[in-house]
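Structural overview
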Amino acid sequence: MTRFVLPLVMALAFISARVSADSHLKNYTLQNSEGKPIQLTDLKGDYIFISFIYSHCPVPKMCPLTISLNRRVFKLWKERLGSVPLKFLIVTLDPANDSPAIMKAYGKKMGLTDPAFILATGDEQTISDFSSEFNAIGFPSGNMIAHNSKSILVGPSLLPLKDYKDNEWSPD
């Protein structure tokens, strides 16, 4: 198995044996790329791979690489763990500019057309609070959003299982 899949399977087995009610995520309401509300509890029962981006990020080793890594995780997950449900929640760090329509166009442009990919935005406070849950930080800096790269695997009971930071990981 790969460096990503084997530790994932081991973590899932370990975590499922010790789920704590106090460590579940808050139930934030975001907007999907259709403009409809989506809550984390809507995804309960599936594994969720959450990543933070913004649609006009010009830095190749940031958001575009995050999206590329998400697509690779999707491909490998389907090949190796296809019967285990996984959703991808890709959340903007720039809600002032990334409307549902912009997120929809961005998803299409980046090849995130499978229903497993959910691109989300929301009001600025909700996005700030949600991203803070994962220590994902984004703030305006000129015409860009200065931010860190962060992805998180969340279990079916909404318990965070593993952090992937700075795009310095590989799903292979």
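Our subject in this report is the structure included herewith. (Residues numbered from 1 in each chain as written. Predicted model: local features only at pLDDT ≥ 70, side-chain atom pairs only at ≥ 80, totals over all residues. Heavy atoms only, no water.)

With that settled, the discussion passes to the environment of Gly155. Within the secondary structure, Gly155 is located in the loop between β8 (150–154) and β9 (160–165). Through-space distance from the C-alpha of Gly155 to that of Leu43 is 9.9 Å; in sequence the pair is 112 residues apart. Look past the residues within four positions of Gly155 in its chain and what remains in contact with it is Asp46, Tyr47 and Leu161. (Helix = DSSP H or I, 4+ residues; strand = E, 2+ residues; numbered from the N terminus. Contact = heavy atoms within 4.5 Å.)

So, about the pairing of strand β5 (residues 117–121). With five of its five residues buried, β5 lies for the most part within the structure. Neither face of β5 is exposed, since Phe117, Leu119 and Thr121 on one face and Ile118 and Ala120 on the opposite face are all buried. Direction of pairing for strand β1 (residues 29–32) relative to β5: antiparallel, over a ladder of two bridges. Within β5, the residue paired with Asn32 across the bridge is Ala120. As defined by bridge partners, strand β4 (residues 86–92) adjoins β5 across four bridges and the pair is classed as parallel. In the sheet register, Ile90 faces β5, and the bridge partner there is Leu119. (Buried < 20%, exposed > 50% of the residue type's maximum accessible area, 1.4 Å probe, protein only. Pairing = 2+ DSSP bridges.)

As a rule of thumb, soluble globular proteins bury nonpolar side chains together. With 50 residues, the main nonpolar core has Ile50, Phe52, Leu89, Val91 and Phe130 as its most contacted residues. It is helix α2 (residues 63–81) that contributes the most residues to this core, seven residues altogether. The residues contacting Val91, other than those within four sequence positions of it, are Leu30, Ile50, Ser51, Phe52, Ile53, Ala120, Ile127 and Phe130. (Core = buried A, V, L, I, M, F, W, Y, C linked by side-chain atoms within 4.5 Å.)

Turning to the sheet that holds β8, a few remarks are in order. Sheet architecture is open: seven strands sit in the order β2-β1-β5-β4-β3-β8-β9, paired in mixed fashion. Since the sheet does not close on itself, it has two edges, and those belong to β2 (37–39) and β9, each with one partner. On average, each strand axis in the sheet is inclined to that of its neighbour by 30 degrees, with strand direction left out of account. Here α2 sits on the sheet and contacts β3 (47–53), β4, β5 and β8; the angle it forms with β3, its principal contact strand, is near 165 degrees. (Axes fitted to C-alpha atoms, helices over the stretch in contact; angles between N-to-C directions.)

Bringing the pattern of salt bridges into the picture now. Pairing between side chains becomes possible if they bear opposite charge and their charged atoms approach one another. Counted according to the given criterion, the structure contains four salt bridges. Lys150 is the salt-bridge partner of Asp163, the closest N and O atoms lying 3.5 Å from each other. Of this pair, Asp163 sits in strand β9 while Lys150 sits in strand β8, and the two are 13 residues apart along the sequence. A relative accessible area of 43% places Asp163 in the partly exposed class. (Salt bridge = Lys/Arg side-chain N within 4 Å of Asp/Glu carboxyl O.)

Applying the stated rule across the entire model yields 12 aromatic pairs. For the pair Tyr47 and Trp77, a centre-to-centre distance of 5.8 Å together with 55 degrees between the ring planes defines the contact as tilted. Placement of the pair is Tyr47 in strand β3 and Trp77 in helix α2, with a sequence separation of 30 residues. Each member of the pair, Tyr47 together with Trp77, is buried. (Phe/Tyr/Trp six-rings, centres within 6.5 Å; stacked < 30°, edge-to-face > 60°.)

Honestly, it's all geometry; don't read function into it.
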